[in-house]
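Single-letter residue listing:
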Amino acid sequence: QVRLVESGGGLVQAGDSLRLSCVVSGRASTGYAMGWFRQSLGKEREFVAAVSRTRDDRYYKDSVKGRFTISRDNARNTAALQMNSLKPEDTAVYYCAATESAVTDRQGEYAYWGQGTQVTVSS
């Protein structure tokens, strides 16, 4: 059974940084493309970033380009989201996800999900 466990969320001030981590178990992470999504109160879950299994292809939501960096360490079966210059509008529950399909920003393609971790950015 594939499991994803997230960590790293917290309460920070605007301009601060956070690093989210996701550990994949049940299968080597090389078998999956990894993505990060987020959901704010009153809004639908949205795509944030994704990386292919080989780390060659990366995609980002326009509003986080230049501030967020997705990465993965296949040897450790982990994926991470480095978030810099955080803004209040980044406040959301962040989810990591894995897909056996090619890297994509489509939520429906991701079969495995973490439990979510809260990120709160104060002004």
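In what follows, the structure referred to is the one given above.
S.K.: Which parts of the structure should I look at to understand the packing of aromatic side chains?
M.R.: Pairs of aromatic rings are described using the distance from one ring centre to the other and the angle between the two planes. With the rule as written, the count across this model stands at five aromatic pairs. Consider the rings of Phe37 and Tyr110, whose centres lie 5.2 Å apart with planes at 75°: the pair is edge-to-face. Placement of Phe37 in strand β4 (residues 33–39) and of Tyr110 in the loop between β9 (92–99) and β10 (112–113) is noted, with a sequence separation of 73 residues between them. Like Tyr110, Phe37 is buried. Taken together, the aromatic side chains of Phe37, Phe47, Tyr110 and Trp113 make up a single cluster linked through ring pairs. We note Arg45 situated over the ring of Trp113; from NZ or CZ to the ring centre the distance is 4.7 Å.

S.K.: So what exactly am I meant to see when it comes to unusual backbone geometry here?
M.R.: It is generally the case that most residues other than glycine have a negative phi and that most peptide bonds are trans. Despite not being glycine, Asn77 shows a phi value in the positive range, around 55°. Among the secondary structure elements, Asn77 is positioned in the loop between β7 (68–73) and β8 (78–83). Unusually for a residue other than glycine, Ser85 sits at a positive phi of about 50°. By secondary structure assignment, the location of Ser85 is in the loop between β8 and β9.

S.K.: Would you mind showing me how to read the nonpolar core here?
M.R.: A general trend in soluble globular proteins is that nonpolar side chains are found buried together. Ranked by internal contacts, the top residues of the largest apolar core, which has 26 residues, are Met34, Trp36, Leu81, Met83 and Tyr94. At the level of secondary structure, the elements contributing two or more residues to this core comprise β3 (18–25), β4, β5 (46–51), β7, β8, β9 and β11 (117–122). The residues contacting Tyr94, other than those within four sequence positions of it, are Glu6, Leu20, Trp36, Phe37, Arg38, Val48, Phe68, Leu81, Met83, Gly116, Thr117 and Val119. Counting seven residues, the second largest nonpolar core, distinct from the first, contains Phe37, Phe47, Ala50 and Val103.

Conventions we followed
- Residues numbered from 1 in each chain as written.
- Predicted model: local features only at pLDDT ≥ 70, side-chain atom pairs only at ≥ 80, totals over all residues.
- Heavy atoms only, no water.
- Phe/Tyr/Trp six-rings, centres within 6.5 Å; stacked < 30°, edge-to-face > 60°.
- Helix = DSSP H or I, 4+ residues; strand = E, 2+ residues; numbered from the N terminus.
- Buried < 20%, exposed > 50% of the residue type's maximum accessible area, 1.4 Å probe, protein only.
- Lys NZ or Arg CZ within 6 Å of the ring centre and 35° of its normal.
- Core = buried A, V, L, I, M, F, W, Y, C linked by side-chain atoms within 4.5 Å.
- Contact = heavy atoms within 4.5 Å.

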